[in-house]
Amino acid sequence: MHKKGLKRTAFFTLTNDGFSVHTFELSRQYTQRSWNAIKDRLYRELEQREPGEQAWIYAVSKKRNRYQCTRYARHGVRIELEHNTSTAGPETFFIRMTINPRKLLEPESSYLGILPPTKDAAEAVAKAFRKLLKHTPFDCELDDYYLTRVDLCANLQCDNGKIFREVIRASQKLPAPPKMQRLYYQNPDRKKEKRYNNHYIEYACNSYDLVLYDKTFQLTEEGLKLSYEKLPEGVLRCELRFRRDWIRSDQKEVGIASTTAYLQYLVTNARLFLLYVLTKSIPPARYLRLPELLESIWWSPYPEHIRCRMQKLVTLTHKADSVDAAFEKMRVSKEERKDLLLRFQHLGVSPIPLRKNFSAEELPNPTRLFLLLDKAGGPVSVNYIRSK
């Protein structure tokens, strides 16, 4: 089935920052006396603020055991003072910092940017961190803290909004990877929650989260777009969020104890980590239109009963919310589910069809896009038909 119209080409490109670190969290445990001294000094300094200046430290819980400090938010640093009480163990006192390293280095930079993956990126972050916090109540050496979370990241952008949105829509139906769980954005405002989840995909396991989302939508929705900033038609962000247990285990394995040195190690290897987990979780494939997809399955080398089951999965997925929902309707066993997905993987196609009469016959899924961009070192093109 071919649409009539003008032949056009859309392009996907990897943004200039490539693969690197987007956000990381630092933590440090204190004694009760030291923790209270830091908190008290912050409140004393708050009393000296200019008239009309908003409070930049405040309690965020009724028990007043957690405090938020936004004094350095312009520089990409948000701080939380945390007092934990438990009947099962002793009281603990922590300071945790969530840091956007690009904003720390360049406060006026866009939230679209990530840490430039240079050879001295971590040292530059440590230097800026030291300069920002040197004359404050907080310890100013990066190596005085340990990492409790690191987000590796890459952005790809598309110059055609319809093509970009169809990649996002189709990817919403992806099956949950083995040993991972699909998570959803939650918000008391149900309309906002639904709108956000239409642009957001997250899978989680014990060690890390894999997240794909429409960054342009997020910047606009959360008011993070700068007044002078012109956003592309669409930016797909892929984030790999490592948790504390994975970080601690990997630090021991590679023998790097220093926070600064290990951060540089992650910057250097961000591409390898991200592409490995992405390929393992979402095998590279092509999204095809329904007629082309059914035809591709029919001419595959598989036995007829297998081809019929694959076609049924495609037909159900076309109307269902996800591949997993289609599997439930088919009442397949775990073994058959695994087998069918593996057969699609070997064919290089996804069981998720494009919208009916979509302008392009095929689109790469996110993993295939990142792999193609990494290999080509330049734009990846997609042909489509524009109606006259």
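Residues numbered from 1 in each chain as written. Predicted model: local features only at pLDDT ≥ 70, side-chain atom pairs only at ≥ 80, totals over all residues. Heavy atoms only, no water.

Trainee: Even after reading the chapter, I still don't get the pairing of strand 3 (residues 66–69), so can you show me in this structure?
Mentor: In summary, the side chains of a regular strand alternate between the two faces of the sheet. Of the pairings in the sheet, the one linking strand 2 (residues 57–59) to strand 3 comprises three bridges and is antiparallel in character. Of the residues in strand 3, the one forming a bridge with Ile57 is Cys69. The hairpin formed by strand 2 and strand 3 contains six residues between the paired strands, and Arg64 there has a positive phi angle of roughly 55°. Sheet topology places strand 3 next to strand 4 (residues 77–86); four bridges connect them, and they run antiparallel. Its bridge partner lying in strand 4, Tyr67 is registered against Leu81. (Pairing = 2+ DSSP bridges. Helix = DSSP H or I, 4+ residues; strand = E, 2+ residues; numbered from the N terminus.)

Trainee: Please explain the nonpolar core as it appears in this structure.
Mentor: The biggest cluster of nonpolar side chains holds 103 residues, and the ones touching the most others in it are Phe24, Met97, Phe138 and Leu152. Broken down by element, the residue count for this core peaks at 10 residues, all from helix 8 (residues 259–281). In this structure, Tyr196, Val211, Tyr213 and Phe217 belong to the second largest nonpolar core, which totals five residues. (Core = buried A, V, L, I, M, F, W, Y, C linked by side-chain atoms within 4.5 Å. Buried < 20%, exposed > 50% of the residue type's maximum accessible area, 1.4 Å probe, protein only.)

Trainee: Please clarify how a negative patch on the surface should be interpreted in this entry.
Mentor: The grouping of Asp120, Glu123, Asp143 and Asp144 at the surface amounts to a negative patch. Relative to the helices and strands, Asp143 is located in the loop between helix 3 (121–133) and strand 6 (146–158). (Patch = residues over 30% accessible without salt bridge, like charges linked within 9 Å, V, L, I, M, F, W, Y side chains within 5 Å. Areas by Shrake-Rupley, 256 points an atom, 1.4 Å probe, with all protein chains shown as cover. Salt bridge = Lys/Arg side-chain N within 4 Å of Asp/Glu carboxyl O. Lys, Arg positive; Asp, Glu negative; His and termini not counted. Charge placed at Lys NZ, Arg CZ, Asp CG, Glu CD.)

Trainee: What's the story with the environment of Thr136 in this structure? I'm lost.
Mentor: Mapped onto the elements of the fold, Thr136 is located in the loop between helix 3 and strand 6. Looking at Thr136, the relative accessible area reads 13%, which means it is buried. In this structure the C-alpha to C-alpha distance between Thr136 and Ser381, which are 245 residues apart in sequence, comes to 50 Å. With residues near it in sequence (within four places) discarded, Thr136 still touches Arg41 and Tyr72. (Contact = heavy atoms within 4.5 Å.)

Trainee: Where do I start with the state of the cysteines in this structure?
Mentor: Taken as a whole and assessed by the stated rule, the structure comprises zero disulfides. Just so you know, Cys205 is unpaired, no disulfide at all, and the nearest cysteine sulfur is the one on Cys238, 14 Å from it. (Disulfide = S-S within 2.5 Å.)

Trainee: Help me out: how do you make sense of helix 11 (residues 323–330) in this one?
Mentor: Three or four residues apart is the spacing at which side chains of an α-helix point the same way, because the helix has 3.6 residues per turn. Within helix 11, the full set of buried residues consists of Val323, Ala326, Phe327 and Met330. For helix 11, the buried positions fall inside an angular range of 105° around the axis, keeping them on one side. Facing away from the buried surface of helix 11 by more than 90 degrees, the exposed residues are Glu328 and Lys329. Of the surrounding secondary structure, the elements contacted by the buried residues of helix 11 are helix 10 (304–319) and helix 12 (334–347). (Arc of directions from axis to C-beta.)

Trainee: Explain a positive patch on the surface to me, please; I cannot follow it from the model alone.
Mentor: Taken together, the side chains of Arg8, Lys162, Arg165 and Arg386 make up a positively charged region of the molecular surface. For Arg165, a relative accessible area of 48% corresponds to the partly exposed category.

Trainee: Explain the pattern of salt bridges to me, please; I cannot follow it from the model alone.
Mentor: A side chain of one charge can pair with a side chain of the opposite charge if their charged atoms are brought near each other. Applying the stated criterion to the full structure yields 26 salt bridges. Put simply, Arg243 and Asp209 hold a salt bridge, and the shortest N to O gap is 2.3 Å. On the criterion of sequence distance, the pair formed by Arg243 in strand 10 (residues 234–243) and Asp209 in strand 9 (residues 208–214) is long-range, its members being 34 residues apart. When its relative accessible area of 9% is taken as the criterion, Asp209 is described as buried. With a shortest N-O distance of 2.9 Å, Arg241 and Glu239 are connected by a salt bridge. Counted as one network, the salt bridges with shared partners bring together Arg149, Asp151, Arg237, Glu239 and Arg241.

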